[in-house]
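These are the residues of each chain, in order.
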Amino acid sequence: MQKNAIPMILDGDPGHDDAIAWVVAQASRLTDGICDIRAVTAVGGNVSLKKTTYNMLRVCTLIGLTDVPLAAGAAHPLMRELMSAPSVHGESGLDGPALPEPGVSLCGLSAVELMAKVLRESAEKVTIVSTGPLTNTAALLIAHPELKEKIERISLMGGGVAYGNWTPAAEFNILVDPEAADIVFKSGVPVVMSGLDVTEKALILKEDVERIKSFHTRVGDIVWQWLEFFYQFHRKIGYAGAPMHDPCAVMVLLHPELFTIREYYIEVETGGEYCRGATIADVRHITQNPPNVSAVMDLDREKFVDHLIRAVEVYR
Ligand code: RIB
Ligand code: CA
């Protein structure tokens, strides 16, 4: 295994930005070997589990991530009905360019069983990179507490210290399953939270898209069309570019030097009329509780974009 490799499980609800996060992770696996991907799991979120699973199979086929086990996980949150986001990602969850039909099948295990198997069989601790609702990860922690010490950290896209995006207080991934997020944040497993504070600064601008267009490659052509589709929704609400929410959860592992990280004690609001799903950071240390989250707060956007574009360029 590559000396500085990071054994990891990718868990998400593809989703345009999940798909781009996986493009980045697989590009690392194919080049520097840092992302040592052991499994990929789907969760209901942006769209139904059936659709996110189909999208997982299609994205993994597209990027050649067909030699690791793939599994479907939770169709709905631990204690609530699923709230999805077709307005952002389209009815399929990955609207825009045509994608290859799956050239790979599910491994036959559930996401929790596959995650547990990977943790059990790995000689090293494993990082879970979660870019959707945290239902699968919470279910793993509930079902297999004995495997908690095999989890190196949970690098997640979710939450926000300053604000939400689905309600004024809550970010979508946390809001979909706040009980799961509460379990994860209280688990004692190190959490690296790429919240809206950083992900809304991780913008892909028009000139960045043009750089990807210039590759004229199969993956490059799909990625720039994903970016253009994803930007359509965000442009309408005033964004200057497409926010690369989920890629931050991978990039902070690959290039931590690009990011500003603050250690906070963060609680997840699971009740409340206005604030359910909020990730409340004790910035002033009022509770005296030790930090439980490494909150990613800022980044060097230009270097982030350069690395993301270089990852897309890996695919010929
Ligand atoms: O709030 C952004 C998050 O919600 C991203 O993970 C996006 O894919 C959606 O799931
Ligand atoms: Ca996602």
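Residues numbered from 1 in each chain as written. Chains lettered and ligands numbered in written order. Predicted model: local features only at pLDDT ≥ 70, side-chain atom pairs only at ≥ 80, totals over all residues. Heavy atoms only, no water.

## A closer look at the overall build of the protein
Each helix and strand in the protein was counted, giving 12 helices and 12 strands. For 316 residues, the compact-globule estimate of 2.2 N^0.38 gives 20 Å, and the C-alpha radius of gyration of the protein, at 18 Å, lies within 12% of that figure. Considered along the principal axes of its C-alpha atoms, the protein spans approximately 55 × 45 × 40 Å. Sorting the 316 residues of the protein into buried and exposed places 60% on the buried side. In the protein, the share of contacts with a sequence separation of at least 24, taken over all contacts with a separation of at least 6, comes to 82%. Surface summary for the protein: the accessible area is close to 12500 Å², and the carbon and sulfur share equals 52%. Of note, the protein has its 28 positive side-chain charges centred 3 Å away from the centre of its 40 negative side-chain charges. (Helix = DSSP H or I, 4+ residues; strand = E, 2+ residues; numbered from the N terminus. Rg over C-alpha atoms; globule rule 2.2 N^0.38 Å. Buried < 20%, exposed > 50% of the residue type's maximum accessible area, 1.4 Å probe, protein only. Contact = heavy atoms within 4.5 Å. Areas by Shrake-Rupley, 256 points an atom, 1.4 Å probe, with all protein chains shown as cover. Lys, Arg positive; Asp, Glu negative; His and termini not counted. Charge placed at Lys NZ, Arg CZ, Asp CG, Glu CD.)

## So, the site of ligand 1
Near ligand 1 lie 13 residues; those nearest to it are D17, T131, N165, E171 and D246. At 3.0 Å from an oxygen atom of ligand 1 is found a side-chain nitrogen or oxygen belonging to N46. Note that an oxygen atom of ligand 1 is positioned 2.6 Å from one of the side-chain N or O atoms of E171. Contact with the protein chains covers 95% of the free accessible surface of ligand 1, which is 280 Å². Put simply, the parts of the chain that give the shell around ligand 1 at least two residues each are α1 (16-30) and α6 (172-176). When the residues that make up the shell around ligand 1 are grouped by side-chain class, the tally is 2 nonpolar, 6 polar and 5 charged. (Near = heavy atom within 4 Å. Polar contact = N/O pair within 3.5 Å; in protein donor to acceptor, adjacent residues only side chain to side chain. Nonpolar A, V, L, I, M, F, W, Y, C, P; charged D, E, K, R; others polar.)

## Re the coordination of the calcium ion (ligand 2)
Protein coordination of the calcium ion (ligand 2) is provided by D13 (OD), D18 (OD), D18 (OD), T131 (O) and D246 (OD), with donor distances spanning 2.2 to 2.6 Å. Here the donor residues of the calcium ion (ligand 2) are spaced in sequence according to D-x4-D-x112-T-x114-D. Of the two residues, T131 is situated in the loop between β4 (126-130) and α5 (135-143) and D246 in the loop between β8 (242-243) and α11 (247-254); the sequence distance between them amounts to 115 residues. The exposure classification of T131 matches that of D246, with both residues buried. (Donors = N, O, S within 2.8 Å, 3.2 Å for Na, K, Ca; no water.)

## Points about a nonpolar patch on the surface
Among the surface-exposed residues, L78, M79 and I142 lie close enough to one another that they form a single nonpolar patch of about 300 Å² accessible area. The residue M79 is located in the loop between β3 (70-72) and α3 (86-89) in this model. (Patch = residues over 30% accessible without salt bridge, like charges linked within 9 Å, V, L, I, M, F, W, Y side chains within 5 Å. Salt bridge = Lys/Arg side-chain N within 4 Å of Asp/Glu carboxyl O.)

## Some remarks on the packing of aromatic side chains
All told, the structure shown has 2 aromatic pairs when counted by the stated rule. Look at W166 and F172: their rings are 4.9 Å apart centre to centre, the planes differ by 70°, and that puts the pair in the edge-to-face class. Their ring planes at 90° and their centres at 6.3 Å tell us that F259 and F304 sit as a pair that is edge-to-face. Linking F259 in strand β9 (residues 259-264) with F304 in helix α12 (residues 301-313), this pair joins segments that are 45 residues apart in sequence. You'll find F259 and F304 in the same group, each marked buried. One Lys or Arg, K213, reaches over the ring of W224 and ends 4.6 Å from the middle of that ring. (Phe/Tyr/Trp six-rings, centres within 6.5 Å; stacked < 30°, edge-to-face > 60°. Lys NZ or Arg CZ within 6 Å of the ring centre and 35° of its normal.)

## With respect to the nonpolar core
Ranked by size, the top nonpolar core spans 70 residues in total, and within it V40, W226, M244, F259 and F304 carry the most contacts. L114, A138, L156 and F185 belong to the second largest nonpolar core, which has 34 residues in total. (Core = buried A, V, L, I, M, F, W, Y, C linked by side-chain atoms within 4.5 Å.)

## Here's the deal with the sheet that holds β9
In sheet architecture, strand pairing relies on hydrogen bonds along the backbone and comes in two forms, parallel and antiparallel. The mixed open sheet is built from 8 strands, whose spatial order is β3-β2-β1-β4-β5-β6-β12-β9. Each of the sheet's edge strands pairs with one partner strand only, and the pair in question is β3 and β9. For this sheet the average axis-to-axis angle between neighbouring strands, irrespective of direction, equals 25°. Two elements, β9 and strand β12 (residues 293-299), share 6 bridges in a ladder whose sense is antiparallel. Residue pairing across strands places Y264 opposite V293, the latter belonging to β12. (Pairing = 2+ DSSP bridges. Axes fitted to C-alpha atoms, helices over the stretch in contact; angles between N-to-C directions.)

## Some remarks on the state of the cysteines
In the structure shown here, the tally under the stated rule is 0 disulfides. Cysteine C107 shares no disulfide, and the gap to the nearest cysteine sulfur, in C60, comes to 12 Å. Free cysteine C248: the closest other cysteine sulfur is in C35, separated by 14 Å. Since its relative accessible area comes to 0%, C248 is described here as buried. (Disulfide = S-S within 2.5 Å.)

That is the geometry; function is a separate question.
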